[in-house]
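A closer look at the structure
Given next are the chains, with one letter for each unit.
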Amino acid sequence: MALLHRATLHPTKLDLLTTWLPNRQWFAGPAGVELVSRGAYRFDDPAGEVGIETMLVGAADGPVHHVPLTYRAAPLDGADGWLVGTTEHSVLGRRWVYDGCVDPVYAAALAHATLTGSGQAEEYFEVDGRREVREPTVTVVVDGAADAQVPAVGAVRRVVDEDRTLIDTDTVELVVVRRPGAGADGPAGGTLSGRWHGQSTTVPLAYVRTR
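Please read these numbers as outputs of a predicted model, since none were measured by experiment. (Residues numbered from 1 in each chain as written. Predicted model: local features only at pLDDT ≥ 70, side-chain atom pairs only at ≥ 80, totals over all residues. Heavy atoms only, no water.)

**Brief notes about unusual backbone geometry**
Trans peptide bonds make up most of the peptide bonds, and negative phi angles are found at most residues other than glycine. The test is simple: In DSSP terms, a helix is any run of H or I states spanning at least four residues, a strand is any run of E spanning at least two, and both are numbered starting from the N terminus.
P11 follows H10 through a cis peptide bond whose omega is -5 degrees. Here P11 is to be found in the loop between β2 (9-10) and α1 (13-20).

What follows is the structure, given as C-alpha cells:
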C-alpha cells in the first residue's frame, strides 16, 4: 500500500517535468509546451523510505510519455545526471526527484510487481485515523504468478535511455516503454501493461526478465 499525504509541492511534479522531459531524446513534442497528466500509478517501497510513482504525461494533443519517478529525502549517490529536480513538500520537506530508471528501489519494485503479479500499490490517505482509499487513475495488469521466486535486485549496472529504456542489473533485465502504444513487441519475460482515461485498450508499459 502507498500512504499519500494531502500536501502541496513547490514546484509541482508537472512543473519539474515540463523543464526536464523535452531534453530526453525519446520525448516527442515541442519544448515549452504545457504538460498535462493522463494518470499515474505507484509501487510500494517495503522499507518505506522512497516514494515510487510512475506518471503518464504529454501535451494536450500529443503522445503520452511514461515516466517513472522516485522521491527521496536525500540525494541518490551517483545519480546526478538523472535528477529531475528538487521540490518542497509541505509535509515531508525537501524531496529529490529522480528518473526512476536509475534507482535500484524502482527496479526492485517493478520486478516484484511484474513477476509476482502483485501489480500496483493501493493508494490511500489517513483521515481521522481511518484509511481513505484513492481510486487509481491508471489500471495496471501484470502476467506474473503469485508464487514466483523473484531474485534480489541489487545495484543498477547500466541504463540505456532510449524509446525503450533498458535497466540492467545482476539478476534482472527491465525495459520501460517510454511512449506506450508506439508498437513493436517487447522482449520475452513478464509484462506490465496499463490503460487510462483516453486509452481504452491495455498497452505494454514495461517488461521484466530474470537472468
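**Some details on the packing of aromatic side chains**
Using the following cut-off: Two rings from Phe, Tyr or Trp (for Trp, the six-membered ring) form a pair when their centres sit within 6.5 Å of each other. Planes less than 30 degrees apart are called stacked, planes more than 60 degrees apart edge-to-face, and all others tilted.
According to the stated counting rule, one finds three aromatic pairs in the structure shown. Taken together, the aromatic side chains of Y41, F43 and Y106 make up a single cluster linked through ring pairs.

**Points about the sheet that holds strand β12 (residues 164-169)**
The criterion, for reference: Only strands that DSSP links by at least two bridges are regarded as paired with each other. To define axes, lines are fitted to C-alpha atoms, for helices over the stretch in contact only, and angles between the resulting N-to-C directions are given on a 0 to 180 degree scale.
The six strands are arranged β10-β14-β15-β13-β12-β11 in an open sheet whose pairing can be described as antiparallel. Single-partner strands in this sheet number two, and they are β10 (138-142) and β11 (156-160). Strand after strand, the sheet turns through a mean of 20 degrees between neighbouring axes, direction not considered. In the sheet, β12 pairs with strand β13 (residues 172-177) via five bridges, with the strands oriented antiparallel. Residue L166 lies in a different strand from β13, and its bridge partner there is V175.

**Quick look at the pattern of salt bridges**
Side chains carrying opposite charge are able to pair once their charged atoms draw close together. We apply this condition: Salt bridge, as used here: a side-chain nitrogen of Lys or Arg that lies within 4 Å of a carboxyl oxygen of Asp or Glu. Burial status follows relative accessibility: with a 1.4 Å probe on protein chains alone, a residue under 20% of its type maximum counts as buried, one over 50% as exposed, and anything between as partly exposed.
Applying the stated criterion across every chain yields a total of twelve salt bridges. Across the pair E53 and K13 runs a salt bridge, and its minimum N-O distance is 2.9 Å. Pair noted here: E53 is in strand β4 (residues 51-59) and K13 is in helix α1, with a separation of 40 residues, a long-range link. Of the charged contacts in the structure, one is a salt bridge between E173 and R209, with a shortest N-O distance of 3.2 Å. One end of the pair, E173, is in strand β13; the other, R209, is in strand β15 (residues 199-210), and 36 residues separate them in sequence. E173 gets classed as buried once you look at its relative accessible area, which sits at 17%. The structure contains a network of salt bridges with shared partners spanning R157, R158, D168, D170 and R211.

**A closer look at helix α2 (residues 104-115)**
Within an α-helix, residues lying three or four positions from one another point in the same direction, as the helix has 3.6 residues per turn. The criterion, for reference: Working rule for helices: expected span equals 1.5 Å times residues minus one. Whenever two N or O atoms come within 3.5 Å, that pair is a polar contact, provided that in protein one can donate a hydrogen and the other can accept it, and provided that, for residues adjacent in sequence, both atoms are side-chain atoms.
When the terminal C-alpha atoms of α2 are compared, their 16 Å separation across twelve residues agrees well with the 16 Å that a helix rising 1.5 Å per residue should span. Burial analysis of α2 places nine of its twelve residues in the buried class, which makes it a mostly covered element. Among the residues making up α2, those that are buried are V105, Y106, A107, A109, L110, A111, A113, T114 and L115. Here α2 starts with a cap whose side-chain oxygen sits 3.0 Å from the backbone nitrogen of V105, and that cap is D103. Looking at the residues trailing α2, positive phi occurs at G117, about 80 degrees.

**Here's the deal with the UniProt feature "domain: Maltokinase N-terminal cap" (unreviewed entry) in the protein chain**
Under the convention used in this document: UniProt positions are given in the numbering used here, feature names are shortened, and annotations may be inferred rather than shown by experiment.
Residues annotated by UniProt as "domain: Maltokinase N-terminal cap" (unreviewed entry) correspond here to residues 20-103. This span, residues 20-103, is 1% helix and 48% strand, and a straight line between its end C-alpha atoms measures 17 Å.

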